[in-house]
Every structure is written in C-alpha cells, then in structure tokens.
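Report on the structure
If you want the building blocks of each chain, they are given just below.
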Amino acid sequence: MDDFENKGYNADGSGSRPDYYQPNGNTNGTYYTPPQSEGNSTYHYSYNQNAQNNNSYQPKDSGYNYNTQTPNSNNNNGKPPKKSNAAKVIIIVLIVCLAVAVAGIVIAAVGGVKASSGNDGKESTSQTQSADDVAGTKDSGSVPLTDKDNNYTVAGVADKVIDSCVGITVYSQQSDAYNYFYGYGQNGSSSSEPAKSGEGSGVIMAEKDGKTYIITCAHVISDGDSFTVTLNDGTELDAKMVAFDSQTDIGVLSVDKTGLQVAEFADSESLVLGEQVVAIGCPGGLEFMNSVTTGVISALARPVSSSIGYDNDCIQIDAAINPGNSGGALFNMQGQVIGINSSKIAATDYEGMGFAVPSSTAIATANSLIKSGYVEGRAKIGIQYNPITSFNNASTVIQALAQKGFKDASGTMVINSVDDNSDLKNKDIRQYDMIVAVNGKTLTSTDIMTSVLADSKPGDTIKLTIARIENNEIKTFEVDCKLIESKG
C-alpha cells in the first residue's frame, strides 16, 4: 500500500427521532394526560386540574340590586316611590370608564415611547385573548441578535452565517455484482446509475475564477463519484470533487456558481478554553439541514487519531455533534469559522465529546488542495509497506525483535516495494525488509513514524533501523533516508 494510505472514514447517516406525544382535542376543561411511558419513548405530562375544584375563582357580589317593582307594589306602603338613582349611577360609571380609558391611552403612549427608545432589550407586548378564553399568549417581542456589549448572541450568529452553511449529498457508482467475474452478466454492463450513498455538511469558503469552493470533511466525499450541494434556501447545485486529504480529514468541492455568501474564517491559534461556540450542520442528513447547536470549547490541541494512523490536533467541544454534522462549521461568537466539525465519541458512556479540525489547519489544507491537488510540503519515505501484524508469524517476529532490544515493535513496517524516486532506491533495501525504528525510537505503533514525518519537510534526513531475516536469523542495520515530497 502507499505511505499511510488514505482510506478515509465511513459516516453513518442513520439515526432515529423520538416520538413526541401531542395533546388531543379535549375541550372539557381538563388537561389531557398521555399513557404511561413505554420503552424509550419520552412523554410530556401536563398538570391535571378538575374544572369543578374548590380553587376555582368565584366573583364577589357586585353590591348593586336594581328594583323593577311598580309604584303600586305593596312594598311602598302606599307612599310615592322614591326617585331612582339608576341614572346617577350610570353617569358615574360612564365618567369612571372615560377616566380609565384616557389613563390607559396615556400609559400605552408612554410605554410605547419607552420600548422604542430604550436600549434594555425590553419590548412592549400585546395580549391575544378573547373573552371566552381561560388563558392567552403575549407577543414575546423581537429576539436580540446582539447583547449589551454589541456581541452576537447565538441567534445573531445563526442569522449572520446560516447562508454560508450547505448540505452535501454524495452519490456512488453501484457496480453490478456479476461484473467482478470478467464482465459476465447484465450484458457486460460495468455499472448502474450512481445512487445516494451519504449526506454531510459543508461551508462556502471562497470564490475564484467563476467557481465557488465548499470545504468539508474528507470522509464525507472520499468515496463519492458525484455530488450535490444544497444551499440554505433549498437550491441544489451540481458539485465536482477538487481533492481531499485523509490525514487532516479535509476535502473540497466546487460549484459553477458565484455570488454566494462566503464565510469568514478566524485564526484558530487565538482560541480560548471555555469560549462559547456555535455548530451548524445536517445531523442525520439533509432532513435536519442547518441545525444549530451551541456549547463551549472543552479542550484545545486534543490529539484525535485518524484511520491512517495520524493524530490530528483538534478542538474538543461539548456542542451536540451527530452523523451528518461532519464537514459543517464551528463558529465563534463573532460569526467566524474556527473549525470544521469532524468526529465525536459515540460510545454509550460518553456524552458531549465532539471534535473539529482547527480552521487554520483546514484553510491551509484546502488552499493547497485547490492549488495543487495535494497538500504541499508534506514529507514521505517513498515505500509501499504492510504492517507486521498482518502476517501470520507476527508474534514470533515481534518476540525475536524484542530479544534484539526492540521491545514491543508491533508498529514494524514490512517493506513491499520502493518507489523509483525514493532515496532508498539506490540503497541495499529489499522486499520484506522491516523498518523497526526511526531516529532510534522503536516503532511500538505506526503513529511514531507518522509523527516524525509530520514534523519533517521534504529534503530532511531521518535514520531508519532495518531488520532482515536471513538463514532463520534476524540481522539489523541502520540507513539514512532523505525524505521526498508526498503528492497525495
């Protein structure tokens, strides 16, 4: 295989949604109580209250009792009836109502001026309730997009950046099973139409020469043959693969359209532990496109191992990250991209441990992919190898190496072939020779070699310790190797 062959990741787009109980149309004055919880479903209970309980409010006697008896009633004892005070009462009531109405208008006017001129974020509210309603709702007012210090709120960040966030649909060629047998079956057809194979997230990162570039994760697009980018307004655009790099888990697509909202990227070197962040992506796929979650930076420069044995220094966050979020943006509270969400710990005992590729790493990688199709300046030895653990006699060889002073050399690399441009080509290196140490350090895992290469540049020289089996014995020797540039 190639030097630390880029295999990428597999994104699981599956997921389930909890069923939420909806109240029935009961209007008899009681609240509906759903049945007891079954399985893992979550039910929300309402407080039950009998409409005839003793706590119900009863109005007091008004104190007014208008007589409607005639003047000839025996209750008058033959005396002329007294003049009714009804007219006076009505006049007094009308005067009071008029005074209350005027006062209400004045208060409303003053309150309106205060709401419109004040900077305390409070807004006037209006009641929406009919005379027959038991309860009503009020206008909550506008949601603040900035705080008192003029920094963005979570809602403000989402409002600013949401059009820079996209969904990605991946299609893969589905080969006909019979075609593995020399093309027999299905009239020799080599493949069927591409089928949807995955969904992820992306961020609009740049526009140049009539193209717009979308940054995402390598594991989202690495196995795809064609792609569709879905904008926040639902517009679908055909996209093309530019390149991807599995070492940093960064990939780039392009679309033939300009004028889209390009995101602003921040220098991730200035991040602070505990800083609030906002993640936007498509958890579970485009069905939940551009979902917004928030949290804080839990750790910086957290080493996260990739499937090719390379540890990436990632941003650890506690914002909710799920399959489908991969490739989406992690924003600071200024609405700038500080990372590309890439992975999470999904074990049962873990909660809120997501990881993002820092923006500085992501942008440097993406720019190089757009310019050259590979990450420039990356060093390699120039060999194809197999891990020692892939051989049946691995434990025997590892034990023999331990007797030679190379304890637990389970990261030993068994050379299969040497590239023509490798510095090892003109040296005494043979097939099945084993690299057991680099710069004097035993390869207890292949991570040791990848770390050395990550810290090196093309043209640098490293020292390799080679083990060779001859006449049923293991011999070791050292060789200097000048590194060459990796181009993919």
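Per chain, the residues get numbers from 1 upward, laid out in the order the sequence is written. Local features in this predicted model are restricted to residues whose pLDDT is 70 or higher, and side-chain atom pairs enter the listing and the counts only when it is 80 or higher, whereas totals over whole chains, interfaces and linings include all residues. The side-chain quantities take in all heavy atoms of the structure and omit both hydrogens and water.

Looking now at the sheet that holds strand β6 (residues 226-230). The six strands are arranged β3-β4-β5-β8-β7-β6 in a closed barrel whose pairing can be described as antiparallel. In this sheet, neighbouring strand axes are inclined to one another by 40° on average, regardless of whether the strands run parallel or antiparallel. Judged from the five bridges that link them, strand β3 (residues 165-172) and β6 form a sheet pairing that is antiparallel. Counterpart to Ile-168 in the pairing with β6 is Val-229. A pair of strands is treated as paired once DSSP finds two or more bridges between them. Secondary structure is summarised from DSSP: a helix means a run of H or I of at least four residues, a strand means a run of E of at least two, and numbering begins at the N terminus for each. Each axis is a line fitted through C-alpha atoms, taken for helices only over the stretch in contact, and angles between the N-to-C directions span 0 to 180 degrees.

Bringing helix α5 (residues 394-403) into the picture now. For the exposure calls, accessible area comes from a 1.4 Å probe over protein chains only, and a residue counts as buried if that area is under 20% of its type's maximum, exposed if over 50%, partly exposed in between. Looking only at α5, the buried set comprises Ala-394, Val-397, Ile-398 and Leu-401. Buried residues along α5 cover an arc of 100° about the axis, so they all sit on one side. Opposite the packed face of α5, turned more than 90 degrees from it, sit the exposed residues Thr-396, Gln-399 and Gln-403. Gly-405 lies just past α5 and shows a positive phi near 100°. What the arc covers is the set of directions going from the helix axis to the C-beta atoms.

We now examine the side chain of Ser-368. Positionally, Ser-368 belongs in helix α4 (residues 359-372). What Ser-368 contacts, discounting residues up to four positions off in sequence, is Gly-373, Tyr-374, Val-375 and Glu-376. Any pair of residues with heavy atoms lying within 4.5 Å of one another is described as a contacting pair.

As a further point, take the nonpolar core. If you look at the biggest cluster of nonpolar residues, it comprises 40 residues, and the most contacted ones within it are Ile-215, Val-229, Leu-253, Phe-331 and Ile-340. If we ignore the near neighbours within four places in the chain, the residues touching Val-229 are Val-166, Gly-167, Ile-214, Thr-235, Glu-236, Leu-237, Ala-239, Leu-253 and Val-255. Definition of nonpolar core: a set of buried residues of the types Ala, Val, Leu, Ile, Met, Phe, Trp, Tyr and Cys, connected through side-chain atoms within 4.5 Å. Listed in part, the 22 residues of the second largest apolar core include Ala-379, Val-418, Ile-429 and Cys-481.

With that settled, the discussion passes to the pairing of strand β18 (residues 434-438). Across the five residues of β18, five count as buried, placing the element largely inside the fold. Taken together, the two bridges between strand β17 (residues 413-418) and β18 define a ladder with antiparallel strand orientation. Within the sheet, the bridge partner assigned to Val-414 lies in β18 and is Met-434. Across four bridges, the pairing between β18 and strand β20 (residues 461-470) is antiparallel. Bridging from a neighbouring strand, Ala-437 pairs with Thr-465 of β20. Relative to strand β19 (residues 441-442), β18 is paired through two bridges, and the arrangement is antiparallel.

Everything listed here is a matter of geometry and, on its own, says nothing about what the molecule does.
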